Amino acid sequence: MSSAPLKIGLAGFGNVGAGVYKNLAKNRAILRGRTGKDLEITKIVVRDMSKAREVELPADIVSTDLDDLINDDEIDLIVELIGGTDRAFQLVKDALEKGKAVVTGNKALLAEHGKELFAIAEKNESPIYYEAAVAGGIPIIKTVQESLVGNHIQSVIGIINGTCNYILTRMTEAGLDYKEALGEAQQLGYAESDPTLDVNGWDAAHKAIILASLSYGCWVPCEEIHVEGIEKVCSEDIEFARKLGYTIKLLAIIQLHSENDAIEVRVQPSLISADHILSSVKGVFNAIMVKGDIVGETLFYGSGAGQDPTSSSVIGDIVDAATRSRRSDRSCFVTHGLYGQTQPQSESISKYYLRVTAEDRPGVLARIATILGEHGIGILSVIQPEDHDEETAPIVLMLHFAAFGIVQEAIGKINDLDCIRGDAIVMRVENIG
Ligand code: HSE
């Protein structure tokens, strides 16, 4: 038996918006069967009606004014896929205040304004769904929110930016340089319209903030997390890592430190063992390992970007809104106060990969080792290849466990040595699960 249709206002008809429109139409019958309703897009707002598009815009329902969605009392649900944080914030806020449900894939919006928007959602009893905001087609939000709800989450470690993973994979496997690999990722439509947020780590950081909020019940401020991108990763480091038995991946790490209940959130290019399962996550694929105190380790894998996978998540949320499933009751996230503050990055501990370009003369290695020794940092191994140019030599040191703040201090001093050219490259070596 079918009931009244769910009327949907779609904001944005870019890659994902067009995918949602196309795939809702494609699977209309099965969705009607599963929800008992027609899921009907009755209005679409775009910035530019004349833009050439692969999926044709249904001209009779298009406008360029977001208020047309807000002011249409027949629209029950607004799907926000315009991106950015200004117009999107206003749209989502207005929609929630009008009592409309919202589906968004906007990670930057939630990372920066999630606290405020969830409070508005709760006050107005309007649900907000955001499966597409993290890891494209992988249903990780629902998993943490529902299936793992009985656990203290101990860590969430993931490859959650498909563009960076694509770039690093192509650099590793095809020997491309960074720029060539980025160009390919853009051509294939994986990168955001401004790829800066992908490659500087902030797309992954926004997703990490959302995962931390789900896992630990608090919105970690952007200023309290450590974020590094992949712009400085070069083929030389990929090759050294390979020789040492590691792969370089951009990892998002969200971790509970049980000794002080502090939460650590960071995004960095990291060395992981070439044997680790995350090393085999290639191309645009994402993977997220969630460890809970009851469930132990779990791993979720799939397409982290792209039109169809991301629209699959949006459609899942639309169906949740249509059926008002239990999840909507908990989508207004309540801080449970079980955990403490964020762990200062200076105190975060790991092993490290360090590469310096040094003048090739006696005593250089000793001076580097002295600085490390003075900071209490142990050296696990050293490589200096014989076949280097005449004046300078790359030196790679694998460093023992040390606090990040101390390592940064030591590296500052190494960079100041007159025998060192340029800045040292330092990456964490992660011992995962
Ligand atoms: N551009 C993102 C990525 C997809 O490469 O993973 C949307 O977050």
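Refer to the structure above for everything that follows.
If you're wondering where the values come from, they're calculated on a predicted model, not measured in any experiment.

Analysis parameters
- Residues numbered from 1 in each chain as written.
- Predicted model: local features only at pLDDT ≥ 70, side-chain atom pairs only at ≥ 80, totals over all residues.
- Heavy atoms only, no water.
- Buried < 20%, exposed > 50% of the residue type's maximum accessible area, 1.4 Å probe, protein only.
- Helix = DSSP H or I, 4+ residues; strand = E, 2+ residues; numbered from the N terminus.
- Pairing = 2+ DSSP bridges.
- Near = heavy atom within 4 Å.
- Polar contact = N/O pair within 3.5 Å; in protein donor to acceptor, adjacent residues only side chain to side chain.
- Areas by Shrake-Rupley, 256 points an atom, 1.4 Å probe, with all protein chains shown as cover.
- Core = buried A, V, L, I, M, F, W, Y, C linked by side-chain atoms within 4.5 Å.
- Contact = heavy atoms within 4.5 Å.

Trainee: Please provide a residue-by-residue account of the pairing of strand 7 (residues 153-159), values included.
Mentor: Most of strand 7 sits inside the fold, with six of its seven residues counted as buried. Of the strand pairs in this sheet, strand 7 and strand 11 (residues 285-292) are connected by six bridges, and their pairing is antiparallel. Each residue of the ladder has a partner; that of S155, found in strand 11, is K291. Pairing of strand 7 with strand 9 (residues 246-257) involves four bridges; the strand directions are antiparallel. What sits directly across from V156, in strand 9, is I254.

Trainee: Explain the site of the ligand residue by residue, including any values.
Mentor: Around the ligand sit 11 residues in total, of which K107, G162, T163, D198 and K207 are the nearest. G162 is positioned such that a nitrogen or oxygen atom in its backbone is 2.7 Å from an oxygen atom of the ligand. Within the contact set of the ligand, an oxygen atom lies 3.2 Å away from a side-chain nitrogen or oxygen of D203. Coverage of the ligand by the protein chains reaches 92% of its 260 Å² of free accessible surface.

Trainee: Can you explain the nonpolar core? Please cite residues and give values.
Mentor: Most often, soluble globular proteins keep nonpolar side chains buried together rather than apart. Of all hydrophobic cores here, the largest spans 82 residues; its most connected members are I140, I167 and I230. The leading source of residues in this core is helix 10 (residues 202-216), at nine residues. Look past the residues within four positions of I140 in its chain and what remains in contact with it is E131, V134, A135, L211, I288, V290 and F300. In terms of nonpolar packing, the next biggest core, distinct from the first, is built from 29 residues, I8, V55, L81 and A322 among them.

Trainee: Which residues make up unusual backbone geometry, and what values go with them?
Mentor: Although it is not a glycine, E125 adopts a positive phi angle of roughly 50 degrees. Positionally, E125 belongs in the loop between helix 5 (107-124) and strand 6 (128-129). When its relative accessible area of 68% is taken as the criterion, E125 is described as exposed. Of note in the backbone geometry, A135 takes a positive phi value of approximately 60 degrees without being a glycine. Here A135 is to be found in the loop between strand 6 and helix 6 (140-147).

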